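Each chain, letter by letter, is given below.
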Amino acid sequence: MRDIVLEVNGARHALTVDRSATLLQVLRHDLHLNGPKYGCGLGQCGACTVHVDGMAARACVIPAAQVQGRRVTTLEGLGDRARPHPVQSAFIQAQAAQCGYCLNGMIMTTAALLAHEPRPSAQAVRDALAGNLCRCGTHVEILAAVERAVA
Ligand code: FES
């Protein structure tokens, strides 16, 4: 076990975690932030995406101790029911979800993209989301939601 301090969604958390704990494990099990999902656990599906210092990152393959001193944002920190982030609103308005399991990653990846590139080309959006998998095949609706967020 080891002691770490994480800054998540603007709050500091002093935690004692397993030395091998990933950021995803700490977020979900210790901080009860269930926005980021466990999909593949291998950094390949995008379900666990969070922001680290504003960049999209795969929480399932990042050791929790490695993000000490950095800003971690989860879906819960992006917006809430009262004040949803524009990307969250666009995904709701576009009814982009089928099962919804991939949406954390789709929304977090899109929000990071738009923060750095507010008016991306259609190809840039596809490139950014290429590593986020949707088993239901709702990619057309997801791309429509991103278009809505950009407009
Ligand atoms: Fe992290 Fe799949 S669960 S990329």
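Residues numbered from 1 in each chain as written. Predicted model: local features only at pLDDT ≥ 70, side-chain atom pairs only at ≥ 80, totals over all residues.

- As annotated in an unreviewed UniProt entry, the chain carries the name (2Fe-2S)-binding protein and comes from Ottowia pentelensis.

1. Some details on the pairing of strand 2 (residues 11–17)
- Bridge count for strand 1 (residues 2–8) against strand 2 is seven bridges, and the pairing is antiparallel. Looking at the pairing, Leu6 lines up with His13 of strand 2.
- Linking strand 1 to strand 2, which pair antiparallel, is a turn of two residues; within it Asn9 sits at a positive phi near 50°. (Pairing = 2+ DSSP bridges. Helix = DSSP H or I, 4+ residues; strand = E, 2+ residues; numbered from the N terminus.)

2. Thoughts on the packing of helix 3 (residues 86–93) against helix 6 (residues 139–150)
- Orientation of helix 3 relative to helix 6, taken along the N-to-C sense of each, is 135°, at an axis distance of 8 Å. If you check the angle between helix 3 and helix 6, you find them oblique. Read as a crossing pair, helix 3 and helix 6 show a hand that is right-handed. Residue-level contacts link Pro86, Val87, Ala90, Phe91 and Gln93 of helix 3 to Ala145, Arg148 and Ala149 of helix 6.
- The residue makeup of the contact of helix 3 with helix 6, split by class, is six nonpolar, one polar and one charged. (Axes fitted to C-alpha atoms, helices over the stretch in contact; angles between N-to-C directions. Parallel < 35°, antiparallel > 145°, perpendicular 65-115°, else oblique. Left-handed = near helix turned anticlockwise from the far one by under 90°. Contact = placed C-beta atoms within 7 Å. Nonpolar A, V, L, I, M, F, W, Y, C, P; charged D, E, K, R; others polar.)

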